[in-house]
Amino acid sequence: MFSRFFKRGKKEEDEYGSQVIPANANWGFLGADMHSHLVPGIDDGAKTMQESITLVRNLADMGFKTIITTPHTMIDFYPNTTQSIQNGLNDLQHAVNEQKIPVSIKAASEYYIDEHFIQLIDTTPLLTIYNNEVLVEFSMLYEPPMLFDVIYKMQVAGYKPVIAHPERYLFFHKQFRKYSELKDRGCLLQLNMLSVCGYYGRNIKAIADELLSKNLYDYCGSDMHHEKHAAALKAMAGTKDYHIFANYPFLNPRLCF
Ligand SMILES: [Fe+2]
(Lines give C-alpha, C1' and ligand atoms only; values in the text may rest on other atoms or scores of the structure.)
Protein backbone atom coordinates (compact mmCIF):
# COMPACT_ATOMS: atom_id res chain seq x y z
CA MET A 1 0.00 0.00 0.00
CA PHE A 2 2.74 2.44 0.96
CA SER A 3 4.82 1.91 -2.17
CA ARG A 4 1.69 2.67 -4.15
CA PHE A 5 1.20 5.80 -2.05
CA PHE A 6 4.67 7.10 -2.94
CA LYS A 7 4.50 6.13 -6.63
CA ARG A 8 1.23 7.90 -7.18
CA GLY A 9 2.24 10.83 -4.97
CA LYS A 10 -1.23 10.73 -3.42
CA LYS A 11 -1.59 11.75 0.21
CA GLU A 12 -3.23 9.17 2.44
CA GLU A 13 -4.53 10.51 5.72
CA ASP A 14 -5.09 8.95 9.11
CA GLU A 15 -8.13 9.56 11.29
CA TYR A 16 -6.59 12.81 12.55
CA GLY A 17 -6.18 14.19 9.04
CA SER A 18 -2.39 13.81 9.12
CA GLN A 19 -0.47 12.16 6.34
CA VAL A 20 0.28 8.50 7.02
CA ILE A 21 4.02 7.82 7.25
CA PRO A 22 5.26 4.48 5.95
CA ALA A 23 7.49 2.40 8.21
CA ASN A 24 10.44 2.69 5.80
CA ALA A 25 10.10 6.48 5.73
CA ASN A 26 12.62 8.56 3.86
CA TRP A 27 12.88 12.13 2.58
CA GLY A 28 12.04 11.31 -1.04
CA PHE A 29 8.84 13.37 -1.02
CA LEU A 30 10.96 16.56 -0.83
CA GLY A 31 12.74 15.64 -4.06
CA ALA A 32 15.57 18.14 -3.66
CA ASP A 33 17.92 19.27 -0.94
CA MET A 34 18.93 22.89 -1.51
CA HIS A 35 21.42 23.70 1.26
CA SER A 36 24.59 21.71 1.97
CA HIS A 37 28.38 21.90 2.01
CA LEU A 38 29.50 18.97 -0.11
CA VAL A 39 32.16 20.38 -2.44
CA PRO A 40 35.38 19.08 -0.90
CA GLY A 41 37.93 21.35 0.72
CA ILE A 42 36.47 24.77 -0.04
CA ASP A 43 34.55 25.56 3.16
CA ASP A 44 33.75 24.00 6.55
CA GLY A 45 31.85 21.07 5.01
CA ALA A 46 33.31 17.93 3.44
CA LYS A 47 37.11 18.02 3.59
CA THR A 48 37.98 15.32 1.09
CA MET A 49 36.33 13.80 -1.98
CA GLN A 50 35.81 10.62 0.00
CA GLU A 51 33.84 12.55 2.64
CA SER A 52 31.85 14.28 -0.10
CA ILE A 53 30.93 10.99 -1.72
CA THR A 54 29.85 9.54 1.62
CA LEU A 55 27.54 12.52 2.25
CA VAL A 56 26.12 12.49 -1.29
CA ARG A 57 25.47 8.76 -0.98
CA ASN A 58 23.70 9.36 2.34
CA LEU A 59 21.38 11.95 0.77
CA ALA A 60 20.64 9.65 -2.18
CA ASP A 61 19.92 6.78 0.23
CA MET A 62 17.47 9.03 2.09
CA GLY A 63 15.53 9.52 -1.15
CA PHE A 64 16.79 12.87 -2.49
CA LYS A 65 16.95 12.91 -6.30
CA THR A 66 18.47 16.39 -6.66
CA ILE A 67 21.15 18.11 -4.61
CA ILE A 68 21.84 21.83 -4.89
CA THR A 69 24.96 22.17 -2.79
CA THR A 70 25.83 25.62 -1.43
CA PRO A 71 29.46 26.22 -0.39
CA HIS A 72 29.99 29.30 1.76
CA THR A 73 31.12 32.53 0.15
CA MET A 74 32.47 34.49 3.11
CA ILE A 75 35.46 36.67 2.35
CA ASP A 76 37.17 36.38 5.77
CA PHE A 77 37.04 32.59 6.00
CA TYR A 78 35.95 30.99 2.71
CA PRO A 79 36.78 33.40 -0.12
CA ASN A 80 35.06 31.33 -2.79
CA THR A 81 34.26 32.58 -6.25
CA THR A 82 31.93 31.27 -8.93
CA GLN A 83 35.03 29.72 -10.51
CA SER A 84 36.27 27.94 -7.37
CA ILE A 85 32.78 26.56 -6.74
CA GLN A 86 32.31 25.47 -10.35
CA ASN A 87 35.71 23.76 -10.45
CA GLY A 88 34.94 21.87 -7.24
CA LEU A 89 31.51 20.93 -8.51
CA ASN A 90 32.97 19.50 -11.74
CA ASP A 91 35.25 17.20 -9.74
CA LEU A 92 32.40 16.18 -7.45
CA GLN A 93 30.04 15.43 -10.35
CA HIS A 94 32.74 13.33 -11.98
CA ALA A 95 33.20 11.28 -8.78
CA VAL A 96 29.43 10.92 -8.24
CA ASN A 97 29.06 9.60 -11.80
CA GLU A 98 31.96 7.22 -11.35
CA GLN A 99 30.34 5.85 -8.20
CA LYS A 100 27.00 5.57 -10.05
CA ILE A 101 25.11 7.37 -7.28
CA PRO A 102 21.61 8.05 -8.63
CA VAL A 103 21.39 11.77 -7.93
CA SER A 104 21.61 15.02 -9.94
CA ILE A 105 23.85 17.62 -8.40
CA LYS A 106 24.52 21.29 -9.06
CA ALA A 107 25.99 24.13 -7.01
CA ALA A 108 24.96 27.58 -5.87
CA SER A 109 26.41 29.33 -2.82
CA GLU A 110 25.42 30.39 0.68
CA TYR A 111 26.52 34.03 0.60
CA TYR A 112 27.43 35.67 3.89
CA ILE A 113 26.23 39.26 4.02
CA ASP A 114 29.38 41.37 4.42
CA GLU A 115 31.01 44.25 2.55
CA HIS A 116 32.40 41.89 -0.06
CA PHE A 117 28.96 40.44 -0.78
CA ILE A 118 27.48 43.94 -1.12
CA GLN A 119 30.08 44.63 -3.83
CA LEU A 120 29.39 41.29 -5.54
CA ILE A 121 25.71 42.13 -5.98
CA ASP A 122 26.63 44.82 -8.51
CA THR A 123 29.73 43.34 -10.07
CA THR A 124 29.28 39.57 -10.51
CA PRO A 125 26.36 37.33 -11.46
CA LEU A 126 25.44 35.55 -8.23
CA LEU A 127 24.91 31.78 -8.14
CA THR A 128 21.22 30.99 -7.74
CA ILE A 129 19.47 27.97 -6.34
CA TYR A 130 16.45 28.45 -8.64
CA ASN A 131 15.65 31.19 -11.16
CA ASN A 132 16.77 34.43 -9.44
CA GLU A 133 16.78 33.02 -5.87
CA VAL A 134 19.99 33.55 -3.88
CA LEU A 135 20.72 31.89 -0.54
CA VAL A 136 22.09 34.34 2.05
CA GLU A 137 23.12 34.10 5.69
CA PHE A 138 24.49 36.49 8.28
CA SER A 139 25.88 36.51 11.79
CA MET A 140 23.98 34.38 14.31
CA LEU A 141 24.71 36.88 17.06
CA TYR A 142 23.94 40.36 15.80
CA GLU A 143 21.78 41.84 13.08
CA PRO A 144 23.95 43.08 10.22
CA PRO A 145 23.80 46.84 9.84
CA MET A 146 21.34 47.83 7.15
CA LEU A 147 20.08 44.27 6.59
CA PHE A 148 16.94 45.47 4.92
CA ASP A 149 18.93 47.85 2.69
CA VAL A 150 21.04 44.92 1.48
CA ILE A 151 17.89 42.92 0.79
CA TYR A 152 16.51 45.85 -1.19
CA LYS A 153 19.78 46.18 -3.10
CA MET A 154 19.58 42.50 -4.07
CA GLN A 155 16.03 42.97 -5.28
CA VAL A 156 16.91 46.03 -7.34
CA ALA A 157 19.64 43.90 -8.97
CA GLY A 158 16.97 41.33 -9.86
CA TYR A 159 17.50 38.74 -7.13
CA LYS A 160 15.13 37.16 -4.64
CA PRO A 161 16.83 36.58 -1.27
CA VAL A 162 16.36 33.21 0.42
CA ILE A 163 17.23 33.63 4.10
CA ALA A 164 19.11 30.56 5.34
CA HIS A 165 17.99 29.11 8.69
CA PRO A 166 16.19 32.19 10.10
CA GLU A 167 15.45 30.24 13.27
CA ARG A 168 19.17 30.27 14.13
CA TYR A 169 19.55 34.07 14.34
CA LEU A 170 19.35 34.56 18.08
CA PHE A 171 18.70 38.32 17.91
CA PHE A 172 15.42 37.64 16.07
CA HIS A 173 14.06 35.35 18.79
CA LYS A 174 12.70 38.19 20.88
CA GLN A 175 11.43 40.18 17.91
CA PHE A 176 9.40 37.61 16.04
CA ARG A 177 7.77 40.27 13.87
CA LYS A 178 11.10 40.52 11.98
CA TYR A 179 10.30 37.16 10.37
CA SER A 180 7.03 38.50 8.98
CA GLU A 181 8.82 41.64 7.91
CA LEU A 182 11.36 39.59 5.92
CA LYS A 183 8.47 37.81 4.19
CA ASP A 184 6.56 41.05 3.60
CA ARG A 185 9.67 42.49 1.96
CA GLY A 186 9.77 39.61 -0.52
CA CYS A 187 12.29 37.21 1.05
CA LEU A 188 11.86 33.44 1.15
CA LEU A 189 12.75 31.60 4.35
CA GLN A 190 14.65 28.30 4.51
CA LEU A 191 14.33 25.95 7.47
CA ASN A 192 17.29 23.86 8.55
CA MET A 193 15.66 20.44 8.83
CA LEU A 194 17.68 19.51 11.92
CA SER A 195 16.36 22.55 13.79
CA VAL A 196 13.06 20.71 14.15
CA CYS A 197 14.53 17.77 16.08
CA GLY A 198 16.37 20.06 18.49
CA TYR A 199 19.83 19.46 17.00
CA TYR A 200 20.78 23.14 17.52
CA GLY A 201 19.04 23.45 20.89
CA ARG A 202 15.63 23.92 22.44
CA ASN A 203 15.23 27.65 21.73
CA ILE A 204 15.98 27.23 18.03
CA LYS A 205 13.54 24.33 17.85
CA ALA A 206 10.84 26.47 19.48
CA ILE A 207 11.30 29.24 16.90
CA ALA A 208 11.33 26.72 14.03
CA ASP A 209 8.09 25.20 15.33
CA GLU A 210 6.49 28.63 15.54
CA LEU A 211 7.61 29.61 12.03
CA LEU A 212 6.22 26.31 10.73
CA SER A 213 2.91 26.81 12.53
CA LYS A 214 2.59 30.25 10.95
CA ASN A 215 3.48 28.91 7.48
CA LEU A 216 6.40 31.31 7.14
CA TYR A 217 8.90 28.86 5.62
CA ASP A 218 9.27 28.27 1.89
CA TYR A 219 12.13 25.77 1.61
CA CYS A 220 13.86 23.31 3.87
CA GLY A 221 17.44 22.12 3.60
CA SER A 222 19.80 19.70 5.33
CA ASP A 223 22.68 22.22 5.72
CA MET A 224 24.75 19.05 5.75
CA HIS A 225 28.42 19.51 6.63
CA HIS A 226 29.47 16.10 7.97
CA GLU A 227 28.33 12.60 8.85
CA LYS A 228 26.78 13.62 12.17
CA HIS A 229 24.27 15.71 10.25
CA ALA A 230 23.55 12.75 7.95
CA ALA A 231 22.97 10.43 10.90
CA ALA A 232 20.65 12.91 12.64
CA LEU A 233 18.61 13.43 9.47
CA LYS A 234 18.29 9.69 8.95
CA ALA A 235 17.19 9.24 12.55
CA MET A 236 14.46 11.88 12.17
CA ALA A 237 12.72 10.05 9.29
CA GLY A 238 9.61 8.36 10.67
CA THR A 239 9.44 10.35 13.94
CA LYS A 240 6.72 12.84 14.82
CA ASP A 241 9.04 15.66 13.72
CA TYR A 242 9.14 14.04 10.27
CA HIS A 243 5.36 14.13 10.22
CA ILE A 244 5.53 17.94 10.27
CA PHE A 245 7.58 17.97 7.05
CA ALA A 246 5.29 15.53 5.27
CA ASN A 247 2.33 17.83 5.94
CA TYR A 248 3.98 21.16 5.07
CA PRO A 249 3.95 22.63 1.52
CA PHE A 250 7.69 23.12 1.05
CA LEU A 251 8.70 24.28 -2.43
CA ASN A 252 11.63 21.82 -2.64
CA PRO A 253 10.04 19.52 -5.27
CA ARG A 254 10.11 22.31 -7.85
CA LEU A 255 13.93 22.35 -7.61
CA CYS A 256 14.28 18.86 -9.12
CA PHE A 257 15.97 18.71 -12.51
FE1 LIG B 1 25.00 26.36 5.48
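Position numbers for residues start from 1 in each chain and track the written sequence from start to end. Residues qualify for local features only when their pLDDT is at least 70, as the model is predicted, and side-chain atom pairs are given and counted only at 80 or more; totals for whole chains, interfaces and linings, by contrast, use all residues.

**So, the overall build of the chain**
Then, in step 1: Counting its regular elements, the chain contains 9 helices and 9 strands.
Then, in step 2: Along the first, second and third principal axes, the C-alpha set of the chain runs to 55 × 45 × 30 Å.
Then, in step 3: Buried means a residue has 20 or more other C-beta atoms within 10 Å of its own C-beta, exposed means 12 or fewer, and partly exposed covers the counts in between; C-beta atoms are placed from the backbone. Taken over 257 residues, the chain has a buried fraction of 36%.
Then, in step 4: The contact criterion used here is simple: two residues whose C-beta atoms, placed from the backbone, lie within 7 Å are in contact. Considering only contacts within the chain whose residues lie at least 6 apart along the sequence, 76% involve residues at least 24 apart. Each helix corresponds to a stretch of at least 4 residues labelled H or I by DSSP, and each strand to a stretch of at least 2 residues labelled E; elements are numbered beginning at the N terminus.

**A word on unusual backbone geometry**
Then, in step 1: The backbone phi angle of Asn131 is positive, close to 45°, even though this residue is not glycine.
Then, in step 2: Relative to the elements of secondary structure, Asn131 occurs in the loop between helix 4 (115–123) and strand 6 (133–137).
Then, in step 3: Look at Met146: it is not a glycine, yet its phi comes out positive at around 60°.
Then, in step 4: The residue Met146 is located in the loop between strand 6 and helix 5 (147–156) in this model.

**Comments concerning the sheet that holds strand 6**
Then, in step 1: Strands sit in the order 3-5-6-7-8-9 across an open sheet of 6 strands; the sheet is parallel. Since the sheet does not close on itself, it has two edges, and those belong to strand 3 (72–73) and strand 9 (219–221), each with one partner.
Then, in step 2: Here, any two strands with at least 2 DSSP bridges between them count as paired. Across 4 bridges, the pairing between strand 6 and strand 7 (residues 160–164) is parallel. Considered in strand 7, the bridge of Glu133 is made with Lys160.

**Quick look at the sheet that holds strand 2 (residues 66–69)**
Then, in step 1: Strand order in the open sheet made by the 3 strands is 1-2-4, with parallel pairing throughout. In this open sheet, the two strands that pair with only one neighbour each are strand 1 (32–33) and strand 4 (104–107).
Then, in step 2: Relative to strand 4, strand 2 runs parallel, the two being bridged by 4 bridges. Counted as the bridge partner of Thr69 is Ala107 from strand 4.

**What about the nonpolar core?**
Then, in step 1: Core analysis: the largest hydrophobic core is formed by 61 residues, its most contacted members being Leu38, Tyr111, Ile129, Leu135, Val136, Val162 and Cys220.
Then, in step 2: Considering each element in turn, this core owes the most residues, 4 residues, to helix 3 (residues 82–98).
Then, in step 3: Excluding residues within four positions of it along the chain, Tyr111 makes contact with Thr73, Phe117, Leu126, Val134, Leu135 and Val136. Remark: nonpolar core denotes a set of buried Ala, Val, Leu, Ile, Met, Phe, Trp, Tyr and Cys residues whose joining runs through C-beta atoms within 7 Å.

**What about the packing of helix 2 (residues 49–61) against helix 3?**
Then, in step 1: For helices, the fitted line uses only the C-alpha atoms of the stretch in contact; every axis is such a line through C-alpha atoms, and the angle between N-to-C directions lies from 0 to 180 degrees. Two elements in contact, helix 2 and helix 3, have axes whose closest approach is 10 Å; the angle formed by their N-to-C orientations is 60°. By the criterion of interaxial angle, the relationship of helix 2 to helix 3 is oblique. For the pair helix 2 and helix 3, the sense of crossing is right-handed. Across from Met49, Ser52, Ile53 and Val56 in helix 2, the residues of helix 3 making contact are Asp91, Leu92, Ala95 and Val96.
Then, in step 2: Grouping the constituent residues of the contact of helix 2 with helix 3 by class yields 6 nonpolar, 1 polar and 1 charged. Should an angle fall under 35 degrees it is called roughly parallel, over 145 degrees roughly antiparallel, and 65 to 115 degrees roughly perpendicular, with every other angle called oblique. Left-handed describes a crossing in which the near helix is turned anticlockwise from the far one by less than a right angle; the clockwise case is right-handed. All amino acids are sorted into three groups, where Ala, Val, Leu, Ile, Met, Phe, Trp, Tyr, Cys and Pro are nonpolar, Asp, Glu, Lys and Arg are charged, and the leftover types, Gly among them, are polar.

**Concerning the pairing of strand 6**
Then, in step 1: Counting buried residues in strand 6 gives 5 out of 5 residues, a clear majority hidden from the surface.
Then, in step 2: Going residue by residue along strand 6, you find Glu133, Leu135 and Glu137 tucked away on one face and Val134 and Val136 tucked away on the opposite face as well.
Then, in step 3: Relative to strand 6, strand 5 (residues 110–112) is paired through 3 bridges, and the arrangement is parallel. Bridged to Tyr112 within strand 6 is Glu137.
Then, in step 4: Handedness of a crossover is defined as follows: orient the strands so they point away from the viewer, and if the path from the first strand over the helix to the second runs clockwise, the crossover is right-handed. Between strand 5 and its parallel partner strand 6, the chain crosses via helix 4, and the hand of that crossover is right-handed.
Then, in step 5: Crossover connection from strand 6 via helix 5 to parallel strand 7: handedness right-handed.

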